[in-house]
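What follows is the residue order along each chain.
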Amino acid sequence: MTGLPKPLAQMADDVLRTADGREKTALARKYASAWFAAREAGQITSPLQDRAGIIGQATPPDFPARPEKPELKNPRDVPRRRPGSQAGQIALLHAVAHIELNAVDLHWDIIARFTDTPMPLGFYDDWVKAADEEAKHFNLVCDCLEALDSHYGALAAHAGMWRAAEDTATDFLGRLAVVPMVLEARGLDVTPGMIDIFRKADLPDTVAALEVIYAEEVGHVAYGSKWFHFLCGRHELDPKDTFHQLVRTYFHGALKPPFNEEKRAEAGLPPDFYWPLAEETPDKQRGTPR
């Protein structure tokens, strides 16, 4: 007996097929709690003891269930608002909520989609924890929106958020490279600026929420780096060269500096991973001839 309501991949699939954001995140947190309760009780000690019963298999949807609102638009068609106004602050928070909801699905999807690749239990621990934290982040940001008399779904949102998942649906290493090590690492670059915006707007609850997100996203990038290096080691691949190749294959466009080099290093991303993929080199940024 594993103590789980169903195998982990099937729990992941349930989350992906739940449309409402609050319901999706409630189910995500319920299943994460069940996973860690079983782990702490010693009911799950090795995926080899009963792989079918612990991890199982699933056929996750190509695109996760979504609520009717927000309307999803091409990124260039989503209106931009100045963050100095309350409307702009709401728009920024709405965009963050949308990112966090997509992150919930991305982390459950990596569990459900790649079950044919045997992985240590620590892999599942990390991504269940990351998915649980993303669910918490979504709810924190929704609470901030509601405090400003708005809600998730009140504005249009970016339709391209799931593109990285679609592009890497059959490439485990590609998924790890692009989602945590590029997209989530970008969050480490831009969140300090967002925190400053809401601090200047005298919205301390929003500042507190973003500080939680900022601290915990470092761990998510670190999980990506850890398991990317693990799989590279398993297949005798050079991690840096492989990362560059995969990002150039799956990520659309150059990486954008400035980079939060301190937090990226804390997450296990050294500069020689991302600077060669940037639209500017460090020398160009400093105005130094090469």
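A brief report on the enclosed structure follows.

What counts, and where the lines are drawn
- Residues numbered from 1 in each chain as written.
- Predicted model: local features only at pLDDT ≥ 70, side-chain atom pairs only at ≥ 80, totals over all residues.
- Heavy atoms only, no water.
- Disulfide = S-S within 2.5 Å.
- Buried < 20%, exposed > 50% of the residue type's maximum accessible area, 1.4 Å probe, protein only.
- Helix = DSSP H or I, 4+ residues; strand = E, 2+ residues; numbered from the N terminus.
- Expected span 1.5 Å × (residues − 1).
- Polar contact = N/O pair within 3.5 Å; in protein donor to acceptor, adjacent residues only side chain to side chain.
- Axes fitted to C-alpha atoms, helices over the stretch in contact; angles between N-to-C directions.
- Parallel < 35°, antiparallel > 145°, perpendicular 65-115°, else oblique.
- Left-handed = near helix turned anticlockwise from the far one by under 90°.
- Contact = heavy atoms within 4.5 Å.
- Nonpolar A, V, L, I, M, F, W, Y, C, P; charged D, E, K, R; others polar.
- Salt bridge = Lys/Arg side-chain N within 4 Å of Asp/Glu carboxyl O.
- Core = buried A, V, L, I, M, F, W, Y, C linked by side-chain atoms within 4.5 Å.

## Concerning the state of the cysteines
Here comes step 1: Under the defined criterion, the tally for this structure stands at zero disulfides.
Here comes step 2: Residue C142 stays outside any disulfide, its sulfur separated by 9.2 Å from that of C144, the closest cysteine.
Here comes step 3: Note on C144: relative accessible area 8%, which makes it buried.

## Regarding helix α7 (residues 172-200)
Here comes step 1: With 29 residues, α7 should cover 42 Å at 1.5 Å per step; its first-to-last C-alpha distance of 41 Å lies within 8% of that length.
Here comes step 2: One side-chain oxygen of the residue at the start of α7 lies 3.3 Å from the amide nitrogen of L173, identifying that residue as D171.
Here comes step 3: Directly after α7, the chain includes D202, whose backbone phi takes a positive value near 55°.

## Here we look at the packing of helix α1 (residues 8-16) against helix α2 (residues 21-40)
Here comes step 1: Two elements in contact, α1 and α2, have axes whose closest approach is 9 Å; the angle formed by their N-to-C orientations is 165°. Relative to α2, the element α1 lies roughly antiparallel. Classified by chirality, the crossing of α2 by α1 is left-handed. On the side of α1, the interface is formed by L8, M11, D14, V15 and L16, while α2 contributes K24, L27, A28, Y31 and W35.
Here comes step 2: Here the residues of the contact of α1 with α2 are counted per class, giving eight nonpolar, no polar and two charged.

## Here's the deal with the pattern of salt bridges
Here comes step 1: Scanning all chains against the criterion turns up 20 salt bridges.
Here comes step 2: Across the pair K129 and E133 runs a salt bridge whose closest N-O atoms are separated by 2.8 Å. Note that K129 and E133 are positioned in helix α5 (residues 121-147) at a spacing of four residues, about one turn of the helix.
Here comes step 3: In this structure K129 comes out as partly exposed when scored by relative accessible area, which is 36%.
Here comes step 4: Salt bridges here are not isolated pairs; linked through shared partners, they connect R22, D143 and E146.

## Some remarks on the nonpolar core
Here comes step 1: In this structure, L8, W35, W108, I111, W127, F228 and F243 are the most contacted members of the largest nonpolar core, which totals 84 residues.
Here comes step 2: Non-local contacts of L8, meaning those with residues more than four positions away in its chain, are made with W35, I54, I55, W108, I111, Y124 and V128.

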